[in-house]
Amino acid sequence: MVALLYDAHSREERDAKYQELEQLFKNSNSDYEILFEIHKIRYYLLRNENEKTREQIEKLTNLEYSFDTRQSFFWNKYLGNYYQNYEDDNVKALQFYKMAEALIKKIELAETDIADIHYTLAVTHTRLINDLKSIEYANKALDVFRQNYNFVRCAQCHILLGICYRRVHMIDMAIKQYNLAQHLGEITENSEVIQLSNHNLGYLHSTLGESDEAIKYLEKAYEMGSNFTTTQITTTISLIKEYYNSERIDEAKMVLEKNYPLVKELPAHSKKLFKLEMDVYKYAIYQDYNKLEHTIINEFLPYLEEKSDYANIVTYSNMIGEHFEKLKKYKNAANYYKMASLNYQKLLKV
């Protein structure tokens, strides 16, 4: 029952199996019916049906204290999925994932279910910049996925490991992980894995100040995107940034103008961040400095502070600091450089 809800299955297969199981449990009072109701949370999440997801969680909350251990495991796991992906609250997500992890020894679970919660914990720790923890959990998940010849999940683990190794400045190891992911993506003909590998290789070279290499990989990732997914918009913004920082303004304009109207098609939970980033580069590229200042100072930085997004606070407070420095507004520049420095220190402590 669990496996049908995982991303490895097509939407058509998932929907057909869901309908079959719903009819089977419709008039049942068994424990399996409750478990199926809990799995509906995951099903609605995969379908991006936010309202149905919330309604299902509210419906089951009153029954939470009657759940057996297996039911509690999946309940906590899927609540973690909800808070991570739709509320953008990784701290709360981690709390639920840890509660699910604590139940592993009390029930019989398939090793792939255990590997999946370990992978999810690795993702969450990565988002919270807990890189050593993320490496620990990603390696646990990788061992199981490798034994089961699940090459796509292996590739996802390699990408996570690459991100963590880049952050701890183990650059050769990071490149190795991304190349392994890319190789597995090619073997399985998984374009999303290949795209993500190219994106991360581009970002890595960008952090090293190697713009030509960064653009080479980001262009590959950008050209692979057939749908305007979160991965694609992240790549798009990274490419615009790299063109802008390399003073390739015409190319930056071309990518911006093609993609700016499509931001409104993104899910609500990710739209605001990406729209604000696109706004910032639009105003910077077209030298609309009044709007640039207003957007960064009054909209973007407060939003990032609310989300405790220290990495982006460092990036955009530095950007506005450099802007004021060019205008010889040195006091303003100093204030934002100080903000960048303070948030960089917070980032190191996370």
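Residues numbered from 1 in each chain as written. Predicted model: local features only at pLDDT ≥ 70, side-chain atom pairs only at ≥ 80, totals over all residues. Heavy atoms only, no water.

(A) Quick look at helix 8 (residues 151-167). With 17 residues, helix 8 should reach 24 Å at 1.5 Å per residue; the first-to-last C-alpha distance of 24 Å fits that figure. Most of helix 8 is tucked away, with 13 of its 17 residues classed as buried. (Helix = DSSP H or I, 4+ residues; strand = E, 2+ residues; numbered from the N terminus. Expected span 1.5 Å × (residues − 1). Buried < 20%, exposed > 50% of the residue type's maximum accessible area, 1.4 Å probe, protein only.)

(B) Layout of the nonpolar core. Grouped together as the largest cluster of nonpolar side chains are 56 residues, with contacts concentrated most on Phe-73 and Trp-75. Considering every element that reaches this core, the biggest residue donor is helix 8, with nine residues. Aside from chain neighbours lying at most four places away, what touches Trp-75 is Ile-38, Ile-41, Ile-57, Leu-60, Thr-61, Glu-64 and Phe-67. Ranked by size, the runner-up nonpolar core spans 35 residues in total, among them Ile-240, Met-278, Tyr-316 and Tyr-336. (Core = buried A, V, L, I, M, F, W, Y, C linked by side-chain atoms within 4.5 Å. Contact = heavy atoms within 4.5 Å.)

(C) Geometry of the confidence of the model for the protein chain. Mean pLDDT over the protein chain: 89, with 89% of residues reaching 70 or higher. For residues 1-8, every residue scores under 50 in pLDDT, and the model assigns this stretch 30 contacts once sequence neighbours within four places are set aside. (pLDDT = per-residue confidence, 0-100.)

(D) Molecular detail of the packing of aromatic side chains. Applying the stated criterion across every chain, the model contains 11 aromatic pairs. Note on Phe-73 and Phe-74: the rings are 4.9 Å apart at their centroids and 85° apart in plane angle, and the pair reads as edge-to-face. With a centroid separation of 5.2 Å and 80° between ring planes, the pair formed by Tyr-82 and Tyr-83 is classed as edge-to-face. Taken individually, Tyr-82 and Tyr-83 each receive the classification buried, so the pair is uniform in this respect. Aromatic ring contacts, followed pair by pair, group Tyr-244, Tyr-281, Phe-300 and Tyr-316 into a single cluster. Over the ring of Tyr-119 we find Arg-153, and its NZ or CZ is 4.9 Å from the ring centre. The residue whose ring lies beneath Lys-282 is Tyr-260, and the NZ or CZ to ring-centre distance is 4.7 Å. (Phe/Tyr/Trp six-rings, centres within 6.5 Å; stacked < 30°, edge-to-face > 60°. Lys NZ or Arg CZ within 6 Å of the ring centre and 35° of its normal.)

(E) Quick look at the side chain of Glu-293. Within the element layout of this structure, Glu-293 appears in helix 15 (residues 289-306). One buried charge, Glu-293, has no salt-bridge partner; the nearest side chain with opposite charge is Lys-329, at 4.6 Å. Reaching out from Glu-293, the side chain makes a polar contact with the side chain of His-323 at a distance of 2.8 Å. Not counting residues within four places of it along the chain, the set of residues in contact with Glu-293 comprises Asn-298, Ile-320, His-323, Phe-324 and Leu-327. (Lys, Arg positive; Asp, Glu negative; His and termini not counted. Salt bridge = Lys/Arg side-chain N within 4 Å of Asp/Glu carboxyl O. Polar contact = N/O pair within 3.5 Å; in protein donor to acceptor, adjacent residues only side chain to side chain.)

(F) Spotlight on a nonpolar patch on the surface. A cluster of nonpolar side chains, contributed by Leu-132, Val-168 and Met-170, occupies part of the molecular surface with about 280 Å² of accessible area. Inspection of the secondary structure puts Met-170 in the loop between helix 8 and helix 9 (171-187). (Patch = residues over 30% accessible without salt bridge, like charges linked within 9 Å, V, L, I, M, F, W, Y side chains within 5 Å. Areas by Shrake-Rupley, 256 points an atom, 1.4 Å probe, with all protein chains shown as cover.)

(G) Examining the pattern of salt bridges more closely. Following the criterion strictly, the structure yields 15 salt bridges and no others. For the salt bridge of Lys-52 with Glu-49, the shortest nitrogen-to-oxygen distance reads 3.4 Å. Taking the relative accessible area as the measure of exposure, Lys-52 reaches 41% and is therefore partly exposed. Between Asp-131 and Arg-167 there is a salt bridge whose closest N-O contact spans 2.9 Å. Of the two residues, Asp-131 sits in helix 7 (residues 131-147) while Arg-167 sits in helix 8, which places them 36 residues apart along the sequence.

(H) How the structure looks around the packing of helix 6 (residues 111-127) against helix 7. Between helix 6 and helix 7, whose axes approach to 8 Å, the crossing angle comes to 150°. With respect to their mutual orientation, helix 6 and helix 7 come out roughly antiparallel. For the element pair helix 6 and helix 7, the recorded crossing hand is left-handed. Mapping the contact onto sequence places Glu-111, Thr-112, Ala-115, Asp-116, His-118, Tyr-119, Leu-121, Ala-122, His-125 and Thr-126 in helix 6 and Lys-133, Ser-134, Tyr-137, Ala-138, Lys-140, Ala-141, Val-144, Phe-145 and Gln-147 in helix 7. For the contact of helix 6 with helix 7, a count of residues per class yields nine nonpolar, six polar and four charged. (Axes fitted to C-alpha atoms, helices over the stretch in contact; angles between N-to-C directions. Parallel < 35°, antiparallel > 145°, perpendicular 65-115°, else oblique. Left-handed = near helix turned anticlockwise from the far one by under 90°. Nonpolar A, V, L, I, M, F, W, Y, C, P; charged D, E, K, R; others polar.)

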